[in-house]
Amino acid sequence: VVVPENTPTGTPVGVQVAATDRDEGANGAVAYAIIAGNTGSAFAVDATTGVVTVARRLDFENVVAYSLTVRASDRNGAGADAGARFVDTRVVVSLVDTNDEPPVFDADLGLATVLENEAAGALVAAPFATDADVSAGFNRVSYSITAGNDAGAFVIDAATGVVRTAVALDREATAAYNLTVQAADNDDPPLTATVVVPVHVQDTNDNDPVFDQAVYQ
């Protein structure tokens, strides 16, 4: 059976095991239990009906499939009783990846510094994010600058996250920027994360002295 990893707890997985016992009374009553393969107690089986349900939050990134051993015991499931009889069956549950992991930026980038008047294309920063989803349909990350990019002074490579200058900067006009960089996965709608990249424009000697007046007399 195939189950999406974001299936809510308590949801039947679509399997109902069933066993019969020809004995009469308590000797013929059958009870069900999962006795092996239930990593993290992820699933439960109703002792009376045999319906298998999700018992805990599933995570495809940790476990992609389960092979559950379900036991049907007579005498109302008194497995510790020497007279109890039982039979086992196997229920295989395969998880389907869903987009449940947003991108995560690796670390705080700190302050980036760029010389004013440096030619366009100067490297500023390289914020990098990863996405823990396994499926390629959910873990490809693209980057964009969503705020702080006054006058379009910077550009970002959508595939790599590398930020460069788009123009020669002028410290006397703007001495600092705070760029908000967004990482988005490739789902629709995407999951996103943001990081602020502070940029300091370093002064260079690009201005001549100027007298307050042309002639002093």
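See the structure printed just above.
So, here is what we can say about the structure in this document. Numbering of residues starts from 1 in each chain and follows the order in which that chain's sequence is written. Selection of residues for local features in this predicted model requires a pLDDT of at least 70, selection of side-chain atom pairs for listing and counting requires 80 or more, and totals for whole chains, interfaces and linings are taken over all residues. To obtain the side-chain values, all non-hydrogen atoms of the structure were used and water was disregarded.

Examining the environment of Arg85
Then step 1. Helix and strand assignments follow DSSP, with helices taken as H or I runs no shorter than four residues and strands as E runs no shorter than two, numbered in order from the N terminus. Along the polypeptide, Arg85 turns up in the loop between β6 (65-73) and β7 (86-96).
Then step 2. It is 9.6 Å that separates the C-alpha atoms of Arg85 and Asp21, two residues lying 64 residues apart in sequence.
Then step 3. Here, residues are in contact when the closest pair of their heavy atoms is within 4.5 Å. In contact with Arg85, other than residues within four places in its own chain, are Ala72, Ser73 and Asp74.

Regarding the pattern of salt bridges
Then step 1. Throughout this description, the term salt bridge denotes a Lys or Arg side-chain nitrogen within 4 Å of a carboxyl oxygen of Asp or Glu. Taken as a whole, this structure holds two salt bridges when the rule is applied.
Then step 2. A salt bridge links Arg57 to Asp100, with the nearest nitrogen and oxygen atoms 3.5 Å apart. Of the two residues, Arg57 sits in the loop between β5 (51-54) and β6 while Asp100 sits in the loop between β7 and β8 (104-105), which places them 43 residues apart along the sequence.
Then step 3. With relative accessibility at 23%, the residue Asp100 sits in the partly exposed group.
Then step 4. One salt bridge connects Asp88 with Arg71, and the closest N-O pair in it is separated by 2.7 Å. In this pair, Asp88 sits in strand β7 while Arg71 sits in strand β6, placing the two residues 17 residues apart along the sequence.
Then step 5. For Asp88, a relative accessible area of 35% corresponds to the partly exposed category. Only protein chains enter the area calculation, which uses a 1.4 Å probe; residues under 20% of their type maximum are buried, those over 50% are exposed, and those in between are partly exposed.

A few points about the sheet that holds β7
Then step 1. Reading across from one edge, β1-β7-β6-β3 is the order of the four strands in this open sheet, with mixed pairing throughout. Pairing within the sheet leaves two strands with one partner each, and these edge strands are β1 (2-4) and β3 (31-36). Averaged over all pairs of adjacent strands, the angle between strand axes in this sheet comes to 35 degrees, irrespective of strand direction.
Then step 2. Taken together, the five bridges between β3 and β6 define a ladder with antiparallel strand orientation. Of the residues in β6, the one forming a bridge with Ala33 is Arg71. By this definition, two strands are paired if DSSP reports at least two bridges between them. Axes here mean lines fitted to C-alpha atoms, for a helix over just the part in contact, with angles spanning 0 to 180 degrees between N-to-C directions.

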